[in-house]
Amino acid sequence: MKGASKDEFRFKTTEEIKTSKKIIDQVMGQEEAVALVKKASRQRRHVLLIGEPGTGKSMLGMALAELLPKEKLVDVLAFANPNDENTPLIRSYPAGSGRDIISKTRMQLSGGFKFQNIILFALLLISLIAPWWAFDHYSILYGRTVGSIIFVSMFLGGMFFLVAFMFFMSFGAKMAKNDKGGAPKLVVDNFKKEHAPFLDATGAHAGALLGDVLHDPFQSGGLGTPAHERIVAGMIHKAHMGVLFVDEIATLQPHTQQELLTSLQEGKYAITGQSERSAGAMVRTEPVPCSFILVAAGNMETIREMHPALRSRIRGYGYEVYMKETMLDTPENRMKIAQFVAQEVIKDNKIPHFSKDAVLYMVEEAKRRANRKGHLTLRFRELGGLVRAAGDIAAEEKAKLVERDHILKAKKTARSLEEQIADKYIERKKEYEVIVTTGTKIGRVNGLAVIGGGSTYSGIILPIEAEITPGGKDSNIIATGKLGEIAKEAVTNVSAIIKRYFGEDIKGKNDIYVQFLQTYEGVEGDSASIAVATSIISALKKIPVKQDIAMTGSLSVRGEVLPIGGVSSKVDAAIDAGLRKVIVPKSNLQDIVIDKKRLEKIKIIPVETIGQVLKEALDWKGKQGILKTILASNGKQ
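Please read these numbers as outputs of a predicted model, since none were measured by experiment.

1. Regarding the overall build of the chain
Next up, step 1: Scanning the chain from N- to C-terminus turns up 21 helices and 27 strands.
Next up, step 2: Sorting the 637 residues of the chain into buried and exposed places 47% on the buried side.
Next up, step 3: Relative to all contacts within the chain whose residues are 6 or more apart in sequence, the contacts with residues 24 or more apart total 75%.
Next up, step 4: Of the roughly 32100 Å² that the chain leaves accessible, carbon and sulfur atoms contribute 54%.

2. Thoughts on the environment of I536
Next up, step 1: In this structure, I536 sits in helix α17 (residues 529-541).
Next up, step 2: On a C-alpha basis, the gap between I536 and V514 in space is 7.6 Å, while along the polypeptide they are 22 residues apart.

3. Re the packing of aromatic side chains
Any pair of aromatic rings gets described here by the distance separating the centres and the angle formed by the planes.
Next up, step 1: Within this structure, the stated rule accounts for 3 aromatic pairs.
Next up, step 2: Look at F9 and F11: their rings are 5.1 Å apart centre to centre, the planes differ by 25°, and that puts the pair in the stacked class.
Next up, step 3: With relative accessibility at 5%, the residue F11 sits in the buried group.
Next up, step 4: Ring plane angle 25° and centroid distance 4.5 Å describe the contact between F340 and F380, whose orientation is recorded as stacked. Note that F340 is positioned in helix α11 (residues 331-348) and F380 in helix α13 (residues 380-396), a separation of 40 residues in sequence.
Next up, step 5: We classify F340 as buried; its relative accessible area is 5%.
Next up, step 6: We classify F380 as buried; its relative accessible area is 10%.
Next up, step 7: In this structure, R313 is placed above the aromatic ring of Y317, and the distance from its NZ or CZ to the ring centre is 4.0 Å.

4. Thoughts on a nonpolar patch on the surface
Next up, step 1: Together, L125, L128, I129, V152, F155 and L156 make up a nonpolar patch on the protein surface, roughly 530 Å² of accessible area in all.
Next up, step 2: Within the residue set of the nonpolar patch, elements represented by two or more residues are α4 (114-142) and α5 (144-180).
Next up, step 3: Position of L128 among the secondary structure elements: in helix α4.
Next up, step 4: The exposure class of L128 is partly exposed, given its relative accessible area of 41%.

5. Considering the sheet that holds strand β4 (residues 185-188)
Next up, step 1: Across the sheet, which stays open at both edges, the 3 strands sit in the order β3-β2-β4 with antiparallel pairing between neighbours. Since the sheet does not close on itself, it has two edges, and those belong to β3 (89-94) and β4, each with one partner. On average, each strand axis in the sheet is inclined to that of its neighbour by 35°, with strand direction left out of account.
Next up, step 2: In the sheet, strand β2 (residues 74-79) pairs with β3 via 6 bridges, with the strands oriented antiparallel. Across the sheet, the residue bridging to A78 is I90, located in β3.

6. Regarding the environment of L360
Next up, step 1: Relative to the helices and strands, L360 resides in helix α12 (residues 356-370).
Next up, step 2: Residue L360 is classed as buried on the basis of its relative accessible area, which comes to 5%.
Next up, step 3: Spatially, the C-alpha atom of L360 lies 9.5 Å from that of E8, the residues being 352 residues apart in sequence.

About the cut-offs
Residues numbered from 1 in each chain as written. Predicted model: local features only at pLDDT ≥ 70, side-chain atom pairs only at ≥ 80, totals over all residues. Heavy atoms only, no water. Helix = DSSP H or I, 4+ residues; strand = E, 2+ residues; numbered from the N terminus. Buried < 20%, exposed > 50% of the residue type's maximum accessible area, 1.4 Å probe, protein only. Contact = heavy atoms within 4.5 Å. Areas by Shrake-Rupley, 256 points an atom, 1.4 Å probe, with all protein chains shown as cover. Phe/Tyr/Trp six-rings, centres within 6.5 Å; stacked < 30°, edge-to-face > 60°. Lys NZ or Arg CZ within 6 Å of the ring centre and 35° of its normal. Patch = residues over 30% accessible without salt bridge, like charges linked within 9 Å, V, L, I, M, F, W, Y side chains within 5 Å. Salt bridge = Lys/Arg side-chain N within 4 Å of Asp/Glu carboxyl O. Pairing = 2+ DSSP bridges. Axes fitted to C-alpha atoms, helices over the stretch in contact; angles between N-to-C directions.

Without other data, these values stay purely geometric and don't point to any function.
Listed below in structure tokens is the structure:
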């Protein structure tokens with residue numbers, strides 16, 4: 001696909017782009033998932049969303065809640081049970097009426113204590129006036145000394161009597177409240193809710209998810225808090241007739257997943273204390289309604305780790321959706337990137353709109369981050385971060401619009417940790433001459449790799465050295481460095497290439513050592529296999545390797561160079577390291593999305609076979625015969 005052109009967009013700024021307030025219309029590039037979510041909202045089906053972070057899983061959950069009707073929402077109240085205090089009664093009422101019921105009940109309960117308040121006020125007046133009357137009366141009869149003694153005695157006695165009366169009245173009120181059950185507790189409140197509830201229970205512990213009963217240290221003498229007042233609703237109850245969203249659902253404890261399954265099946269779930277040592281463990285309510293739609297999310301590992309019965313329930317009564325990571329690079333989809341930028345500006349409400357030229361650059365950035373030929377990324381969370389960072393810079397400069405230069409500045413200031421680490425890596429390795437970019441060396445190659453994962457990765461230079469020694473005692477190539485299983489297999493497969501080109505099993509005569517220099521970050525994947533093969537052949541035939549060249553590519557046992565991932569980041573690393581040339585698989589050529597000015601600093605050499613790699617990377621002076629043999633074996637001249 002060709003890159004986006006200025007004539008393609010008919011707007012001048014993103015302010016002209018119409019955006020929808022509906023969340024479902026703001027989800028870009030996930031048409032199949034959107035269609036299933038709409039169907040799930042109509043039929044009340046559960047949904048399992050599997051995919052990488054930042055592809056819109058939580059937005060789909062919120063969109064589903066927004067599509068649900070709200071007229072069936074209810075308030076849930078807990079009442080004291082006169083027959084069993086540890087089994088509170090649960091009753092449902094139309095949404096918004098719960099507060100009125102509690103208010104009326106409290107007024108009825110408070111009416112019985114008005115007379116006691118009048119008596120208390122009268123006694124207070126008597127206890128304050130009587131001592132002064134006694135002082136005057138007894139001072140006249142017996143003198144002021146006796147009057148003062150009588151005054152103090154009556155004042156202290158009155159205060160003691162008043163405190164005792166207040167205590168017994170409060171205790172009586174408490175006992176009466178316990179006998180009558182007191183006011184109910186509003187467990188689930190849907191007062192003035194405009195939409196069906198959406199609860200994000202990601203990472204919630206069992207009590208927060210399933211409900212809990214608070215501990216009460218006072219359990220006797222009528223002083224304890226009634227059981228129904230200690231009930232706390234869980235997210236499953238608050239999500240009744242709405243949506244419960246749980247990302248990384250496999251991180252929930254197995255027993256919690258089992259309880260979640262039970263609530264799904266029954267549509268109601270009793271609340272009890274989650275701590276076995278708590279007084280709340282003695283309390284168990286009547287079943288509380290929790291008829292919610294579960295939107296579970298995660299990645300591929302989630303499928304292996306989540307409770308099989310829970311997944312079966314979702315699959316049997318809902319849909320499983322795999323979220324796309326990229327979409328085709330078409331004019332229609334480029335416009336979706338523009339619409340996404342407009343949405344982010346409106347949501348943030350603190351940054352300027354983007355110019356057409358800035359949007360075109362965001363499209364190029366989406367293409368680069370897709371890491372796939374002819375596609376645009378759907379990892380909008382990271383792309384949105386770049387939008388806001390560029391907007392912040394434009395706002396600081398008091399610019400009316402975000403321009404391309406603001407995005408370029410944002411890419412430098414808002415780099416990922418992986419990019420910052422890669423810069424330090426290259427800087428230090430060059431400082432100590434671990435990375436060599438000039439001259440030639442036998443058995444030494446500048447390979448390329450990436451650190452990080454998902455969309456947050458960065459390219460690094462991976463120096464590789466090989467040494468051949470007489471012996472042949474070791475059956476396998478000895479590779480040192482922090483290598484993963486795939487990387488180790490890639491090293492082993494190189495022996496088949498060498499045997500094909502030179503017609504002998506060198507492992508029977510020599511020992512082969514390959515070192516990945518200072519690979520503290522670890523190496524995984526087979527993208528360094530052409531570099532490994534080049535270093536071994538260089539060491540075996542004593543042919544120098546040009547140190548101003550870096551290379552990346554997977555190698556088949558037949559000598560074909562296969563495509564790899566992260567090619568743009570790897571080429572970027574080669575440019576930052578000051579290398580003049582970089583060898584990449586020909587099939588990855590269209591995947592390289594780098595600014596033209598940066599790309600002018602390096603020469604890209606596309607290859608299809610290991611013979612072409614060796615032709616470009618080695619210094620063949622005086623060894624042209626070996627090159628002809630290799631090219632002949634490859635069928636390439």
